[in-house]
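One letter stands for each residue in the lines below.
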Amino acid sequence: MKTPALALFDLNAIVPNLVGAYRQGVAAAFRMLDEELDEELLTMAVGLSYSEGVREVYNAHFSNPWPDEQRLFDLSEAYRKVVKRFVQFSASLNGVPYLLSTLQDLRKSGVKVGLCGGS
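What this report covers is the structure whose coordinates are included nearby.

Conventions used here
Residues numbered from 1 in each chain as written. Predicted model: local features only at pLDDT ≥ 70, side-chain atom pairs only at ≥ 80, totals over all residues. Heavy atoms only, no water. Phe/Tyr/Trp six-rings, centres within 6.5 Å; stacked < 30°, edge-to-face > 60°. Helix = DSSP H or I, 4+ residues; strand = E, 2+ residues; numbered from the N terminus. Buried < 20%, exposed > 50% of the residue type's maximum accessible area, 1.4 Å probe, protein only. Axes fitted to C-alpha atoms, helices over the stretch in contact; angles between N-to-C directions. Parallel < 35°, antiparallel > 145°, perpendicular 65-115°, else oblique. Left-handed = near helix turned anticlockwise from the far one by under 90°. Contact = heavy atoms within 4.5 Å. Core = buried A, V, L, I, M, F, W, Y, C linked by side-chain atoms within 4.5 Å. Nonpolar A, V, L, I, M, F, W, Y, C, P; charged D, E, K, R; others polar. Salt bridge = Lys/Arg side-chain N within 4 Å of Asp/Glu carboxyl O.

1. Quick look at the packing of aromatic side chains
Then comes step 1: The tally for this structure, following the rule as stated, stands at 4 aromatic pairs.
Then comes step 2: Ring geometry for Tyr22 versus Tyr79: centroids 6.5 Å apart, planes at 75°, classification edge-to-face. Placement of the pair is Tyr22 in helix H2 (residues 18–31) and Tyr79 in helix H5 (residues 69–89), with a sequence separation of 57 residues.
Then comes step 3: On the accessibility criterion, Tyr79 (0% relative accessible area) is buried.
Then comes step 4: For the pair Tyr50 and Tyr79, a centre-to-centre distance of 4.9 Å together with 85° between the ring planes defines the contact as edge-to-face. In this pair, Tyr50 sits in helix H4 (residues 50–62) while Tyr79 sits in helix H5, placing the two residues 29 residues apart along the sequence.
Then comes step 5: Overall, Tyr50 belongs to the buried group, its relative accessible area being 18%.

Right, here's the structure in full:
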C-alpha cells in the first residue's frame, strides 16, 4: 500500500461538542435581535463559515433574500466570538483518543497533515 502524501482531518469531526459551540453561537447572535431560533435553524450554520452560516439562518428565519450587510457582519462577529469563547474555556471539549499520536506518526512517515474547519 502506497503512503498517502496528505491526510486531511475535519476539525468538527475530531473535536466532540464543537457542533454545540456552533449552535450556541448562532443562538446567541440572533438573541441580539431578540429572536429565538428553533432547532432546525440552529443547525443550518454548522459546517459553513460564520458569515455564510449567519446569512443562511437569517434568510430562512426572516425570508429576506437581501438582508442588511452591516447587520449580517455584526451577527457573524457575535457568532464567531461565542464559538471562540466556547473553544477557549469549555471543559467539555474532548479530543479523539490517540489523535495526537496518530498525527505524530503520520508526520514521522512523511505524510502532510491538514485540518479544516469550515471558517
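Further notes follow.
2. With respect to the packing of H4 against H5
Then comes step 1: The interhelical angle for the contact between H4 and H5, taken along N-to-C directions, is 120°, at an axis separation of 9 Å. Between H4 and H5, the angle is such that the two are oblique. Crossing angle aside, the handedness with which H4 passes H5 is right-handed. Each of Tyr50, Ser51, Val54, Arg55 and Tyr58 in H4 lies in contact with H5, whose residues at this interface are Glu69, Arg71, Leu72, Leu75, Ser76, Tyr79, Arg80 and Val83.

3. Re the nonpolar core
Then comes step 1: Ranked by size, the top nonpolar core spans 21 residues in total, and within it Val26, Phe30, Leu37, Val57 and Tyr79 carry the most contacts.
Then comes step 2: Listed by contribution, the elements that provide at least two residues to this core are H2, helix H3 (39–44), H4 and H5.
Then comes step 3: Per-element tally for this core: the top contributor is H2, with 7 residues.
Then comes step 4: Among the nonpolar cores identified, the runner-up in size contains 5 residues, and Ala7, Phe9, Leu103 and Val111 belong to it.

4. Regarding the packing of H2 against H5
Then comes step 1: Where H2 meets H5, the axes come as close as 8 Å, and the angle between the chain directions of the two elements is 140°. Accordingly, the angle class assigned to the pair H2 and H5 is oblique. The element H2 and its partner H5 pack so that their crossing is right-handed. Contact residues: Leu18, Ala21, Tyr22, Gln24, Gly25, Val26, Ala28, Ala29 and Phe30 in H2; Leu75, Ala78, Tyr79, Val82, Val83, Phe86 and Val87 in H5.
Then comes step 2: Its residues assigned to classes, the contact of H2 with H5 comprises 14 nonpolar, 2 polar and no charged.

5. Focus: the pattern of salt bridges
Then comes step 1: Overall, the coordinates contain 3 salt bridges when judged by the stated rule.
Then comes step 2: Residue Glu69 is joined to Arg55 by a salt bridge in which the shortest nitrogen-to-oxygen separation is 3.0 Å. Residue Glu69 is found in helix H5, and its partner Arg55 is found in helix H4; the two are separated by 14 residues along the sequence.
Then comes step 3: What makes Arg55 partly exposed here is its relative accessible area of 30%.
Then comes step 4: In this structure, Glu77 engages Arg80 in a salt bridge whose closest nitrogen and oxygen atoms are separated by 2.8 Å. With Glu77 and Arg80 both in helix H5 and 3 residues apart, the pair spans about one turn of that helix.

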